[in-house]
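Chain residues, written in single-letter form:
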Amino acid sequence: MTSLQLSAKEEMLETFLDAAARGDLSQVSTLLSNTPSLINQTGHSGWTALICDKFSVNSSSQTAYDIATFWGHRHIAGLLGRAADGCGRILPGADLHPHENYFSRETLDRQSGRRTDKVWLEAKQSDSETVYLLFSNLSPMVRTYLFNLLWLLLQQGDMKLCLFRFEEVKDLLQKPSTVTIFLGIEKTKSPSSSSSSEKAESLSEPPVWFAINTDEDAAALLERCREKNCSFPRSPNRDLLKLSEEEAGVVAQARSVLAWHSRYSFCPTCGGATKMEEGGYKRSCLNSECRSLQGVHNTCYPRVDPVVIMLVIHPDGNQCLLGRKKVFPVRMFSCLAGFVEPGETLEEAVRRETEEESGVTVGPVQYVSCQPWPMPSNLMIGCLAVAVSTDIKVDEKEIEEARWFPRQQVIDSLFRGDRSVFVIPPRQTIAHQLVRHWICMNSNL
Ligand SMILES: NC(=O)C1=CN([C@@H]2O[C@H](COP(=O)(O)OP(=O)(O)OC[C@H]3O[C@@H](n4cnc5c(N)ncnc54)[C@H](O)[C@@H]3O)[C@@H](O)[C@H]2O)C=CC1
Ligand SMILES: [Mg+2]
Ligand SMILES: [Mg+2]
Ligand SMILES: [Mg+2]
Ligand SMILES: [Zn+2]
């Protein structure tokens, strides 16, 4: 449409929008003082010049907060989100509602300073209050309330860790093949009682937790448990999602460190034998000539592999890109993900992996939240990203299919349990939480 076809009113609005887009403050204030109603009027794109009403949306259903967040204007997003008019509640942002993902709850105080105190660690190992978790082949012993035949039906919380005392595991601790790691001290709960015996108890240190991994026969290990329905889950990716949030956090820490010991038994620098130190948080080479003993070497410490996982949003703001691997359950689609490579920023990794796996080019990237994923030691770094191209060409080696899913289809799958079009991964995954985060960003609509 040319300016000749615009009415005088429309022309004034376009001039006003143009001045705002250019940042011409003096023209904006002149026009506004003459015609205050301009402030919330929308142009052809559905945009307003200034957002006075924070609940206004453009033609892509985005609020001012959404736009500021997507384009990385953190200061403006902060101002819009922090307002005392209830926006903070309705427009969740990373600053306002820090996410807590499954596997990320810290119920133990890691007490890293205590790891070098051998005397204290040894005394705690034989303390009658100390708690032990027992791992076989990197799976923790758990008990369920149902028979094993119904494993697939178990829900989060239906599975509990089996806890042992020193007397029950002391024979295992003495075996050279057993790996024992210090996890931390139970975080103290706020004192609520006033009885004298409880007061005395609260003065002593809370219980210390250790985890042990053993190569003893699993069936024999199960026999030493007093409780029924105990087992070592066979599929960690699926079965560990049935623990409570608290226990999942402990398992995330224990499993990753134990997996590191089982994979890094020898020195990565010289191939020599190593010994475990610092409560399981270090392995030092026994070869006195080894370069890994000079200075600080990252080969001596447990590893964490960063993985970016991204929900890529269509430029229209109303569709998201999800893909499926051949190994996924039927109709399951998830966020694209990939390992961060050396010398790469998170933003670059998001752009590279999205391009490699789907052919879609990505512009702005925004961090949302992260999740330790102990299979064996990934740190999933969850981001939202905005696509700048939309044609899909999948990398068939990794991805079977990728598609743009309209917001409504996502809502149907996520909130209405409609599994006819596609299924989102379970809520314990950060993939699920990213999709939910995107949908909820516009929950005010
Ligand atoms: N919690 C969640 O919601 C999700 C977790 N994941 C996890 O993210 C991880 C990475 O995702 P992918 O798409 O497989 O990554 P990817 O797209 O980078 O491809 C994996 C391939 O990269 C190579 N690779 C490079 N560095 C590696 C490393 N440090 N460890 C292992 N392989 C490496 C291997 O050839 C591997 O087959 C997976 O282990 C998966 O378990 C993936 C999606 C959702
Ligand atoms: Mg991938
Ligand atoms: Mg990839
Ligand atoms: Mg990769
Ligand atoms: Zn060495």
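On a predicted model such as this, the values are computed, not experimentally measured, just so you know.

Calculation notes
- Residues numbered from 1 in each chain as written.
- Chains lettered and ligands numbered in written order.
- Predicted model: local features only at pLDDT ≥ 70, side-chain atom pairs only at ≥ 80, totals over all residues.
- Heavy atoms only, no water.
- Domains from an automatic or database assignment.
- Core = buried A, V, L, I, M, F, W, Y, C linked by side-chain atoms within 4.5 Å.
- Buried < 20%, exposed > 50% of the residue type's maximum accessible area, 1.4 Å probe, protein only.
- Helix = DSSP H or I, 4+ residues; strand = E, 2+ residues; numbered from the N terminus.
- Contact = heavy atoms within 4.5 Å.
- Donors = N, O, S within 2.8 Å, 3.2 Å for Na, K, Ca; no water.
- UniProt positions renumbered as here; feature names shortened; annotations may be inferred.
- Salt bridge = Lys/Arg side-chain N within 4 Å of Asp/Glu carboxyl O.
- Pairing = 2+ DSSP bridges.
- Phe/Tyr/Trp six-rings, centres within 6.5 Å; stacked < 30°, edge-to-face > 60°.
- Lys NZ or Arg CZ within 6 Å of the ring centre and 35° of its normal.
- Near = heavy atom within 4 Å.
- Polar contact = N/O pair within 3.5 Å; in protein donor to acceptor, adjacent residues only side chain to side chain.
- Areas by Shrake-Rupley, 256 points an atom, 1.4 Å probe, with all protein chains shown as cover.
- Nonpolar A, V, L, I, M, F, W, Y, C, P; charged D, E, K, R; others polar.
- Expected span 1.5 Å × (residues − 1).

Peer 1: Is there a simple way to explain the domain arrangement of the protein in this structure?
Peer 2: Buried accessible area, meaning the area lost when the parts come together, often serves as the stated size of an interface. By the assigned domains, the protein splits into domain 1 (7-50), domain 2 (52-98), domain 3 (108-190 + 206-263) and domain 4 (305-441). Computed from C-alpha atoms alone, the centre-to-centre distance between domain 1 and domain 4 is 38 Å.

Peer 1: Just checking my understanding: could you explain the nonpolar core for this structure?
Peer 2: As a rule of thumb, soluble globular proteins bury nonpolar side chains together. Membership of the largest hydrophobic core comes to 55 residues, with the highest contact counts inside it found for Phe103, Leu183, Leu243, Leu311, Leu322, Val410 and Trp438. With eight residues, helix α11 (residues 245-263) is the largest single contributor of residues to this core. In terms of domain composition, this core takes at least three residues from each of domain 3 (108-190 + 206-263) and domain 4 (305-441). Trp438 has contacts with Phe70, Leu311, Ile313, Gly317, Asn318, Gln319, Cys320, Leu384, Arg407 and Val410, leaving out every residue within four places of it along the chain. In terms of nonpolar packing, the next biggest core, distinct from the first, is built from 20 residues, Leu173, Ile185, Val208 and Phe232 among them.

Peer 1: Can you help me understand the coordination of the magnesium ion (ligand 3) in this one?
Peer 2: Think of it this way: four donors in a tetrahedron around the metal ideally sit 109.5 degrees apart, and six in an octahedron ideally sit 90 or 180 degrees apart. Here the magnesium ion (ligand 3) is held by Glu353 (OE), Glu357 (OE) and Glu398 (OE), and the distances to it run 2.1 to 2.4 Å. Sequence positions of the residues that donate to the magnesium ion (ligand 3) give the spacing E-x3-E-x40-E. Taken as a pair, the magnesium ion (ligand 3) and the magnesium ion (ligand 2) lie 3.2 Å from each other and share Glu357 as a ligand. Of this pair, Glu357 sits in helix α12 (residues 346-358) while Glu398 sits in the loop between β16 (378-387) and β17 (401-406), and the two are 41 residues apart along the sequence.

Peer 1: Can you help me understand the UniProt feature "domain: Nudix hydrolase" (unreviewed entry) in the protein in this one?
Peer 2: With numbering matched to this structure, UniProt assigns "domain: Nudix hydrolase" (unreviewed entry) to residues 302-428. Taken end to end, residues 302-428 is 17% helix and 37% strand, and its first and last C-alpha atoms sit 24 Å apart.

Peer 1: Looking at this structure, how should I read unusual backbone geometry?
Peer 2: Peptide bonds are trans in most cases, and residues, glycine excluded, mostly fall at negative phi. Geometrically, the link from Met375 to Pro376 is a cis peptide bond, its omega value of 5 degrees lying close to zero. Mapping Pro376 onto the fold places it in the loop between β15 (362-373) and β16. Of note, Asn229 is a non-glycine position whose phi angle comes to about 55 degrees, a positive value. On the secondary structure map, Asn229 appears in the loop between α9 (218-223) and β9 (230-231). Of note in the backbone geometry, Arg331 takes a positive phi value of approximately 65 degrees without being a glycine. Note on placement: Arg331 falls in the loop between β13 (319-324) and β14 (336-339). On the accessibility criterion, Arg331 (40% relative accessible area) is partly exposed.

Peer 1: Mind showing me how you'd approach the pattern of salt bridges here?
Peer 2: Oppositely charged side chains can form a pair if their charged atoms are brought close together. Scanning the model with the defined rule gives 25 salt bridges in all. Across the pair Asp18 and Arg22 runs a salt bridge, and its minimum N-O distance is 3.0 Å. In this pair, Asp18 and Arg22 are both assigned in helix α1 (residues 8-22), four residues apart and thus about one turn of the helix distant. When the shortest N-O distance is used, the salt bridge between Glu167 and Lys170 registers 2.9 Å. In this pair, Glu167 and Lys170 both sit in helix α7 (residues 166-173), three residues apart, roughly one turn of the helix. Look at the salt bridges and you will find they share partners, linking Glu341, Glu344, Arg352, Glu353 and Glu356 into a network.

Peer 1: Honestly, the sheet that holds β9 in this entry has me stumped. Any pointers?
Peer 2: The pairing of strands in a sheet happens through backbone hydrogen bonds and is either parallel or antiparallel. One open sheet accounts for three strands, arranged β5-β4-β9; its pairing is antiparallel. Looking at the sheet topology across the chains shown, the edges are occupied by β5 (159-161) and β9. One ladder, built from two bridges, connects strand β4 (residues 142-144) with β9; its direction is antiparallel. Looking at β9, one finds that Val142 is bridged to Ser231.

Peer 1: Help me understand the packing of aromatic side chains, please; the structure alone is not making it clear to me.
Peer 2: For any two aromatic rings, the description comes down to two numbers: the centre-to-centre distance and the angle of the planes. Taken as a whole and judged by the stated rule, the model has nine aromatic pairs. Ring plane angle 85 degrees and centroid distance 5.6 Å describe the contact between Phe103 and Trp373, whose orientation is recorded as edge-to-face. Pair noted here: Phe103 is in the loop between α5 (87-90) and β1 (108-109) and Trp373 is in strand β15, with a separation of 270 residues, a long-range link. Residue class for Phe103 comes out buried when judged on its relative accessible area of 2%. Judged by relative accessible area, which is 15%, Trp373 ranks as buried. Pairwise contacts between aromatic rings join Trp120, Tyr132, Phe182 and Phe210 into one cluster. The side chain of Arg114 reaches across the aromatic face of Trp120, ending 4.3 Å from its centre. Over the face of the ring belonging to Tyr281 we find Arg115, whose NZ or CZ atom lies 3.5 Å from the ring centre.

Peer 1: In this structure, what is going on with the site of ligand 1? I would like to understand it.
Peer 2: Around ligand 1, the structure places 17 residues, and the nearest of them are Lys325, Ala337, Phe339, Glu357 and Glu398. Gln371 is positioned such that a nitrogen or oxygen atom in its side chain is 3.2 Å from a nitrogen atom of ligand 1. When ligand 1 is considered free in solution it has 850 Å² of accessible area, and contact with the protein chains removes 59% of it. Elements with a contribution of two residues or more to the shell around ligand 1: β12 (305-313), β14, α12, β15, β16 and α14 (430-441). Here the residues of the shell around ligand 1 are counted per class, giving eight nonpolar, four polar and five charged.

Peer 1: Any chance you could explain the environment of Leu243 here in plain terms?
Peer 2: Locating Leu243 in the fold gives a position in the loop between α10 (236-239) and α11. Overall, the relative accessible area of 0% leaves Leu243 in the buried class. Setting aside chain neighbours within four positions, we find Leu243 in contact with Tyr102, Val142, Gln156, Gly157, Met159, Lys160, Leu161, Ala248 and Val251.

Peer 1: Which parts of the structure should I look at to understand α14?
Peer 2: One turn of an α-helix holds 3.6 residues; hence residues three or four places apart share an orientation. Taking 1.5 Å per residue, 12 residues should reach 16 Å; α14 reaches 16 Å between its end C-alpha atoms and fits that length. The buried count for α14 comes to 10 of 12 residues, which makes it a mostly enclosed element. For α14, the complete set of buried residues consists of Ile430, Ala431, His432, Gln433, Leu434, Val435, His437, Trp438, Ile439 and Met441.

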